[in-house]
Amino acid sequence: MRRGKYTSDCSGEAFTLLQLLFLNNMLGYADRTNLSVAVIAMSRELGWGEASTGTLLASFFCGYVLTQIPAGLAAARFGAKRVLLIGTVVWSAATVLTPWAARQSIDAALAARVVVGLAEGVQIPCCNALLAAWVPPQGRARALSFIFSGQFVGTPPP
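Read on for a plain summary of the structure.

A word on the overall build of the protein chain
Argument step 1. In terms of regular secondary structure, the protein chain is built from 8 helices and 0 strands.
Argument step 2. Judged by the C-alpha coordinates and their principal axes, the protein chain covers about 55 × 30 × 20 Å.
Argument step 3. Here the protein chain holds 158 residues, and 43% of them are scored as buried.
Argument step 4. Nonlocal contacts in the protein chain, meaning residues at least 24 apart in sequence, comprise 81% of its contacts between residues at least 6 apart.
Argument step 5. Of the roughly 8600 Å² of accessible surface on the protein chain, 69% is carried by carbon and sulfur atoms.

Okay, here's the thing in structure tokens:
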């Protein structure tokens, strides 16, 4: 992994990185939670029962939990920026394909959501690796709270 340049005030390239990671977290949580909002109408339209709906909502986390540690190892080996970019492209594509998959079958929808989870599982390990490279130790807590606040912006209100 290429080491970043520490800056005392987190300006320049490091600040741009933090803004991009904030947006990435916002996008990730929007993609993660959008089905929670849409599933009510989808289950009515497609005739899914409560069990199918619950399984569909849980399927994201089945994929998500599997990639946490491998993502950290991949970030160390191939570079966190590259791994995060691939993960973001894959989870975004799987999110876009989810409505189509749902119209095909519940199994296709489950597969799409597992892929979203697998790809989104790289986000937190890659963000932490990038912060370790680009932000000095004394500024990491503030940087972490800034980028991970994107999660709250991306989550729809109840």
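Section: the packing of aromatic side chains
Argument step 1. Across all of its chains, the model carries 4 aromatic pairs by this definition.
Argument step 2. Centre to centre, the rings of Phe60 and Tyr64 are 5.4 Å apart; their planes meet at 25°, and the pair counts as stacked. Pair noted here: Phe60 and Tyr64 are both in helix 2 (residues 50-66), with a separation of 4 residues, about one helical turn. Considered together, Phe60 and Tyr64 belong to a single accessibility category, that of buried residues.

Digging into a nonpolar patch on the surface
Argument step 1. A contiguous nonpolar patch, built from Val65, Leu66, Ile86, Val90, Val115 and Leu118 and spanning about 500 Å² of accessible area, is present on the exposed surface.
Argument step 2. Only helix 2, helix 4 (80-104) and helix 5 (106-120) provide two or more residues apiece to the nonpolar patch.
Argument step 3. If you trace the backbone, Leu66 turns up in helix 2.

Description of the side chain of Gln123
Argument step 1. Counting through the fold element by element, Gln123 comes out in helix 6 (residues 123-134).
Argument step 2. Judged by relative accessible area, which is 0%, Gln123 ranks as buried.
Argument step 3. Among all residues touching Gln123, those that are not within four sequence positions of it are Asn24, Asn25, Gly28, Tyr29, Arg32, Leu84 and Trp91.

Calculation notes
- Residues numbered from 1 in each chain as written.
- Predicted model: local features only at pLDDT ≥ 70, side-chain atom pairs only at ≥ 80, totals over all residues.
- Heavy atoms only, no water.
- Helix = DSSP H or I, 4+ residues; strand = E, 2+ residues; numbered from the N terminus.
- Buried < 20%, exposed > 50% of the residue type's maximum accessible area, 1.4 Å probe, protein only.
- Contact = heavy atoms within 4.5 Å.
- Areas by Shrake-Rupley, 256 points an atom, 1.4 Å probe, with all protein chains shown as cover.
- Phe/Tyr/Trp six-rings, centres within 6.5 Å; stacked < 30°, edge-to-face > 60°.
- Patch = residues over 30% accessible without salt bridge, like charges linked within 9 Å, V, L, I, M, F, W, Y side chains within 5 Å.
- Salt bridge = Lys/Arg side-chain N within 4 Å of Asp/Glu carboxyl O.

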